[in-house]
Amino acid sequence: MIVGGITRVPGDKSITHRTLLLAAMAKGTSRIGGALTSLDARSTARALRQLGAGLSPLRPESVVTVEGRGRLRRPEAVLDCGNSGTTARLLLGLLAGHRFAATLTGDGSLRRRPMRRVTVPLAQMGARFSETAGDGLPLTVRGGPLVPLRYAMPVSSAQLKSALLLAGLAGGVEVELREPHGRSRDHTERLLRAFGYRVDEDDGWIRFGPAGRVGTFELQVPGDPSSAAFLVGAAVLAEAGELRIAQVGVNPTRTGFLGVLERMGARISVEDVSEHFGEPVGDLVARPAALRATEVRAGEIPGLIDEIPMLAVLASRAEGTTVFRQVGELRVKESDRLGLIAENLRSVGARAEVVGEDLHVEGGSEPPRGPVRSAGDHRLAMAFAVLGTVAGGRIRVDDMGCAAVSFPGFPEVLRGLARRARP
Ligand code: S3P
């Protein structure tokens, strides 16, 4: 394949969720350009409308207008978060600081995902929860007057960290947090700082003192580096070409995959970097490379958690065995991503296994061929579609439709960028 040209990717999913939630907490009109319009973003938008905010429809290429009322209002029906863990966990945090009851649910995948990691510390702050299905959704939250929290998080998770910061914001109480190892994405901290709040860091502790209301804002969401990673992967696996992905978020807590790719022998340049609302934004330029194996250390995992499916398929084309250390957290993503990465790599003829909490992927050069079971997990579907672009490859992903969770139109974009090399 030749993968080349200039392209963009849809808006950052994490920043879209956060800006929609914060705009709903402001009193007045905020405008969000470049927002993601995928299924997950729509789940947040739908829930916020039920909670009293006015949101214009999420349409590609158009600015989203959010009419915030300063607080959220009691919803009349259950809040369906669809497939979106970020919607559910961040909303639980925000709702913990509101004195009414709300029930959250989600699709089959989301209902199986753990929520106690969020509800246990939120309960320490004073919110109450009624579980109906153990550690998962549906779940009813009754917010209350909150007390300050000082909490050493048991997992590095930006969703947990953000839920607690948003609870502090909604409840008007100080929150101090520490992550166990590695730094998860820090978009919430950066946005809060850009809005004038104090977020300090001292000796591994993040301290947030919420003073005053969120003001309205106008902001442009950068392209999602996690979506860009799939196109970067296609360009690295190609036989020729150069691909530029313009205006992607290059926040260092999101770009761990670039460092791993460099160790594997690929050089992705980051060009024309500027800053907007505390977030660095730049162009990624990727070219083909001969890959070699590497070890991805436990401390690196939070900074590339969503890129592991992509890195694992690239590792299956590298010389040697790549090991991803301590990736058990992948078991509780949109699917059991850990088990399914290994199972699907084996299904297309590669060697991969889960050893304890680690993932081992042995590289090879046979064309990848065989069926892939995505289990409705967008990132698995996209990673294996990229692997299918390898010369001689024949991969059948059972459901490419799920790419719309984060990257609407992905199959068409990939087809448009990849052309067959002349034999
Ligand atoms: C996200 C955080 C990550 C990531 C998810 C989005 C966020 O999850 O996997 O896709 O926007 O905060 P964890 O925080 O659970 O690691």
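Residues numbered from 1 in each chain as written. Predicted model: local features only at pLDDT ≥ 70, side-chain atom pairs only at ≥ 80, totals over all residues. Heavy atoms only, no water.

Help me understand the overall build of the protein chain in this model?
Along the backbone of the protein chain there are 13 helices and 24 strands. For the protein chain, the C-alpha radius of gyration of 21 Å lies close to 22 Å, the compact-globule estimate for 423 residues. Expressed as lengths along the three principal axes of its C-alpha atoms, the size of the protein chain is roughly 65 × 40 × 40 Å. Residue burial in the protein chain is summarised as follows: out of 423 residues, 59% are buried. (Helix = DSSP H or I, 4+ residues; strand = E, 2+ residues; numbered from the N terminus. Rg over C-alpha atoms; globule rule 2.2 N^0.38 Å. Buried < 20%, exposed > 50% of the residue type's maximum accessible area, 1.4 Å probe, protein only.)

Can you walk me through the site of the ligand in this structure?
Every residue lining the ligand is accounted for by K13, S14, R18, T86, S157, A158, Q159, R185, I305, D306 and K333. Taking S14, its side chain carries an N or O atom lying 2.7 Å from an oxygen atom of the ligand. The backbone of A158 places a nitrogen or oxygen atom 2.7 Å from an oxygen atom of the ligand. Protein coverage of the free-state accessible area of the ligand, which is 380 Å², stands at 96%. For the shell around the ligand, the element with the highest residue contribution is helix α1 (residues 13-25), accounting for 3 residues. Looking at the shell around the ligand residue by residue, the class counts come to 2 nonpolar, 4 polar and 5 charged. (Near = heavy atom within 4 Å. Polar contact = N/O pair within 3.5 Å; in protein donor to acceptor, adjacent residues only side chain to side chain. Areas by Shrake-Rupley, 256 points an atom, 1.4 Å probe, with all protein chains shown as cover. Nonpolar A, V, L, I, M, F, W, Y, C, P; charged D, E, K, R; others polar.)

Please explain helix α2 (residues 39-50) as it appears in this structure.
For the α-helix, the turn length of 3.6 residues means that residues three or four positions removed from each other point alike. The end-to-end C-alpha distance of α2 is 17 Å, a good match for the 16 Å that 12 residues give at a rise of 1.5 Å each. On its buried side, α2 packs onto α1, β4 (54-55), β6 (79-80) and α3 (85-96). One or two residues past the end of α2 sits G52, with phi positive at roughly 100 degrees. (Expected span 1.5 Å × (residues − 1). Contact = heavy atoms within 4.5 Å.)

Is there a simple way to explain helix α10 (residues 308-315) in this structure?
Counted residue by residue, α10 has 8 buried out of 8 residues, so it is predominantly covered. Looking only at α10, the buried set comprises I308, P309, M310, L311, A312, V313, L314 and A315. Taken together, the buried residues of α10 touch α8 (225-237), α9 (256-263), β19 (321-324), α11 (337-347), β21 (358-362) and α12 (378-387).

Before we go on, may I ask you to explain the sheet that holds strand β7 (residues 101-105) in this structure?
Pairing between the strands of a sheet comes from backbone hydrogen bonds, and it takes one of two forms, parallel or antiparallel. Here 4 strands make up an open sheet; going across it, the order is β6-β7-β9-β8 and the pairing mixed. The sheet terminates laterally at β6 and β8 (128-131), the two strands that pair on one side only. Sheet analysis places β8 next to strand β9 (residues 139-142), joined by 4 bridges and oriented antiparallel. Bridging across to β9, E131 finds its partner in L139. (Pairing = 2+ DSSP bridges.)

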